Each structure stands twice: as structure tokens, then as C-alpha cells.
Amino acid sequence: VGGLIRRIFPRRSVIHHHHNIMSNVIRYTAQKLVLCRPAAPATLHFQSYVTRAHPSPLPTAPIQDALQRLISEMDERHLHRSQRWENNKDKRVNQRSAYLTARGRPTHPSEEEVRKEAAEKEYRRMDESVEVALQLNLDPRKPGQALRGSFSLPHGNGKKFGVAVFTDNMELAKEALANGAVVAGGASLIEDIKNGNVSLTSFQRTLASPEMMPQLSSIARLLGPRGLMPNPKLNTIQPQDQLLETLEQQQSGISNYRTDKEGIVRIGIGRGSFGVDKLMDNMRELMNEIQSIKPESFGKGKKGKGGSAKGTKYYLKAHLSTTQSKGSVLVDLRTIDPTSSFFMTDPL
């Protein structure tokens, strides 16, 4: 009976051993379940592929925002300089009074006159020019890709130019001088320029009648490097009956443009005092002009039968800047490309 009982009911030590084994199995299984439990979702950080060959893209701005940003910067500069002008007024007056007291002559203003002048004189704001640098996919060394011409902006460029008129008609030369030409004449004017009696810095543009072009060859080496040689592409060679009309256009600020050796066109589109709307109108006229003279073949890729390869870009970059801006603003090309649906609008 005792043996049968021991077979049916094992000893306490054996039961305790099996209990330990089962506890270890349960504990191990629980640890595995904890390790296999899905973790909380982590925040994923993606880093773009940036190398020298793949630089990070520069931020761009629509044309309207870029112009507004430049005008705001001009207003901030004016405010800062006018405040500094007022804060340093007493210091300037004291320095000038001390100088005139020590080294002044009897004809120089007295200290009271200096203070009165300083009180009445206000800070004079500088009307900065707004310029665009348009990089085109052109190689000016290749035929047909060196762009050059002139056009009129709807609101002008805010500049006045001195013009020299070359004509052998003395009556016409007198009328040109009466209408604002700096100098006008024929062979005598050419001799004065050749001898240095007339400075080349006294005028910025030239006009000539066709019969004067052979005579201008003697001073072409003086006019050419300064961009003053009359050129039919710039409409600066006109018949005598149209010379006075062209003179008025040149004085009022007709804009000339040309591509440099890198294929960049730099041209002023107005002054900061114009405001955004007038600058937008001038920019629209400029882009329509550049688009109208687009060559059939351009770019450095392979050329197809009809000219450039499909998908070749004509406009590469465009930057806006002012006379005293610290840098330039990169413009969104979609907003200045006449072929784009976002032309002169905000794509957002």
C-alpha cells in the first residue's frame, strides 16, 4: 500500500522541483512578450541629400514680394539715418563752429548762422535705383546669342542722361543744343574730342546721322570701350528728320541692355520712389522685351533640328537689388517668365 501511495502521490521535493521549472518558463515567456511589444511611434527626421553637387536650394520670392522687401529695406535705412542725423546735429554744429572760430575767415558764417542753418536743414533722402540681374542660358561667343538693344520703360528708369549729337547740319546742331544736348556738331566736334577739349565724361550717350559714321571712325577707339559708339541696334543712328525726337527719348531715360560674357543682363527698372506698382509695370515690359528677342538656338545642351533641345531653360536666375542694399533677392522665375501661368503674380 505504501509503495502504491508513493507512486500516485510523488514526494514533496519532486513536486517542488516541477513547480520551479514551470515558474522559470512562465517568467521567461513574460520577458519575451515584453520585449516583443511594439514601442511608441518615434518622430522621424528626414535630412535632404546635400553635397557640393547637390546644394540645398536657395529661398526665392515672388516678384511682388521681392520689390516690396527692397522698398521696406530702403524705408528702414532712411529712418535709421534720419534719426542718427538728428542725434548728431549738436555735435556737427559744435565741430563746425570750432573749426570756423579757429581757421575761419570773416566771410565765413558765424556760429549763430551755423546753428540756424542746421536747425532748418533736414536729412535728404537718397532715391535709390532698383536693378535686376537676369542670367540667361546664353553663350555670347556663339552667333545669335549676344543680345543687345534698347526699349522704353512705361514709367522711365528715373535717370537723366547727357547726349552728344553728331551731325554736319549746323542748324540741326543748334536745335539739338536748344533741346538739351550736351554737345552737338560735326567735324569740329570730332576734333575737339580727339584733342581732349571735350571730355568724354560730359555725356553718357551719343546720337549720329548716317552720313557722320565714316567720320566717327577716327574716334572709335575712344568711344567704343566706353559704350558710346552709335549703334543701329540701340537706335542711336537716325536720319536727320528723326534726330531731335530720338534725342528726347535718350534724355528721358530710354534703357539700353546687352549680355555680358556670362550671359547676364543687368538693367535698372526704376527708383525706389516709384512704388511697387510702377516697378512691376517696368519689370513686365523688360521681360516681354527679353522674351521677344529670344534666339532660336541657345544653351549648352545638344541642339535639335528646330533649335535648342526640348526642355532647355532660357531663364536661369534673376536677382533684384538696390543702390545701397547689403545683398540681392533671388526672384522666383515662375513670376517673371512671360510663358508661365504665374507671370507677374503670386504662385501661392
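I will try to describe carefully the structure that is included in this document. What you see as residue numbers is a count from 1 along each chain, following the sequence as written. Per-residue local features are limited, in this predicted model, to residues with pLDDT of at least 70; the limit for side-chain atom pairs, both in listing and counting, is 80 or more; totals at the level of whole chains, interfaces and linings are taken over all residues. The side-chain figures draw on all heavy atoms in the structure; neither hydrogens nor water molecules are used.

Moving on, we get to the pairing of strand β5 (residues 205-208). A simple rule labels every residue: compare its accessible area, found with a 1.4 Å probe on the protein chains alone, to the largest value its type can have, and call it buried under 20%, exposed over 50%, or partly exposed in between. Helix and strand assignments follow DSSP, with helices taken as H or I runs no shorter than four residues and strands as E runs no shorter than two, numbered in order from the N terminus. The side-chain alternation of β5 yields two buried faces, one formed by R205 and L207 and the other by T206 and A208. Should DSSP find at least two bridges between two strands, the strands are regarded as paired. Strand direction decides the pairing type here: strand β3 (residues 163-166) and β5, joined by 4 bridges, are parallel. If you follow V163 over to β5, its bridge partner there is R205.

On to the pairing of strand β1 (residues 129-136). In this sheet, strand β7 (residues 264-271) lies alongside β1 in antiparallel orientation, the contact comprising 7 bridges. Paired with L134 across the strands is V265, a residue of β7.

On to the sheet that holds β5, then. Where strands meet in a sheet, backbone hydrogen bonds hold them as pairs that are either parallel or antiparallel. The strand order β4-β3-β5 describes an open sheet built from 3 strands, whose pairing is parallel. Each edge of the open sheet is held by one strand with a lone partner, namely β4 (183-185) and β5. Strand after strand, the sheet turns through a mean of 10 degrees between neighbouring axes, direction not considered. Note on contacts: a residue pair is in contact if any heavy atoms of the two residues lie within 4.5 Å. To get an axis, fit a line to the C-alpha atoms, keeping to the stretch in contact for a helix; angles then go from 0 to 180 degrees between the N-to-C directions. Along the sheet, helix α7 (residues 187-195) contacts β3 and β4; its crossing angle with β3, the most-contacted strand, is approximately 130 degrees. In this fold helix α10 (residues 243-251) packs onto β3 and β5, with an angle of close to 170 degrees to the strand it touches most, β5.

Quick look at the packing of helix α3 (residues 63-87) against helix α11 (residues 276-292) now. Look at α3 against α11: their axes get within 10 Å of each other, and the N-to-C directions meet at 130 degrees. Regarding the angle of α3 to α11, the classification is oblique. For the element pair α3 and α11, the recorded crossing hand is right-handed. Across the interface between the two elements, I63, Q64, L67, Q68 and I71 of α3 pack against V276, L279, M280 and M283 of α11. By the definition adopted for this analysis, an angle is roughly parallel if under 35 degrees, roughly antiparallel if over 145, roughly perpendicular if from 65 to 115, and oblique otherwise. Here a crossing is taken to be left-handed if its near helix is turned anticlockwise relative to the far helix by less than a right angle, and right-handed if that turn runs clockwise.

What follows is about helix α6 (residues 170-178). Within α6, burial applies to L172, A173 and A176. End-on view of α6: buried residues confined to an arc of 105 degrees, all on one side of the axis. Exposed residues pointing more than 90 degrees away from the buried face of α6 are listed as E171, K174 and A178. We call two N or O atoms a polar contact when they sit within 3.5 Å, provided that within protein one can donate a hydrogen and the other can accept it, with sequence-adjacent residues counted only if both atoms are side-chain atoms. At the N-terminal boundary of α6, the capping side chain belongs to N169, with an oxygen 3.2 Å from the backbone nitrogen of E171. Of the residues trailing α6, G180 is marked for its positive phi of about 110 degrees. The directions considered for the arc run from the helix axis to the C-beta atoms.

This brings us to unusual backbone geometry. Glycine aside, the phi torsion of most residues is negative, and most peptide linkages are trans. Located in the positive-phi region is N235, a residue other than glycine, with phi close to 60 degrees. A relative accessible area of 39% means that N235 is categorised as partly exposed. The backbone phi angle of M344 is positive, close to 60 degrees, even though this residue is not glycine. Positionally, M344 belongs in the segment after β11 (329-330). For M344, a relative accessible area of 7% puts it in the buried group.

With that settled, the discussion passes to the packing of α6 against α10. The geometry of α6 relative to α10 is characterised by a closest axis approach of 10 Å and an angle of 25 degrees between their N-to-C directions. Between α6 and α10, the angle falls in the class roughly parallel. In the crossing of α6 with α10, the sense of the turn from one axis to the other is right-handed. Seen from α6, the contacting residues are L172, E175 and A176; seen from α10, they are L243, L244 and L247.

Moving on, we come to the pattern of salt bridges. Salt bridges are counted wherever a side-chain nitrogen of Lys or Arg sits within 4 Å of a carboxyl oxygen of Asp or Glu. The final tally for this structure, using the stated rule, is 11 salt bridges. Here R284 makes a salt bridge to D281, at a shortest N to O gap of 3.1 Å. Pair noted here: R284 and D281 are both in helix α11, with a separation of 3 residues, about one helical turn. Judged by relative accessible area, which is 31%, R284 ranks as partly exposed.

What follows is about α10. Within α10 the residues assigned to the buried category are L243, T246, L247, Q250 and Q251. In a view along the axis of α10, the buried residues occupy a sector of 135 degrees, so they form one face of it. Exposed residues pointing more than 90 degrees away from the buried face of α10 are listed as E245 and E248. Taken together, the buried residues of α10 touch β3, α6, β5 and β6 (255-258). Positioned one or two residues after α10, G253 has a phi angle of 105 degrees, which is positive.

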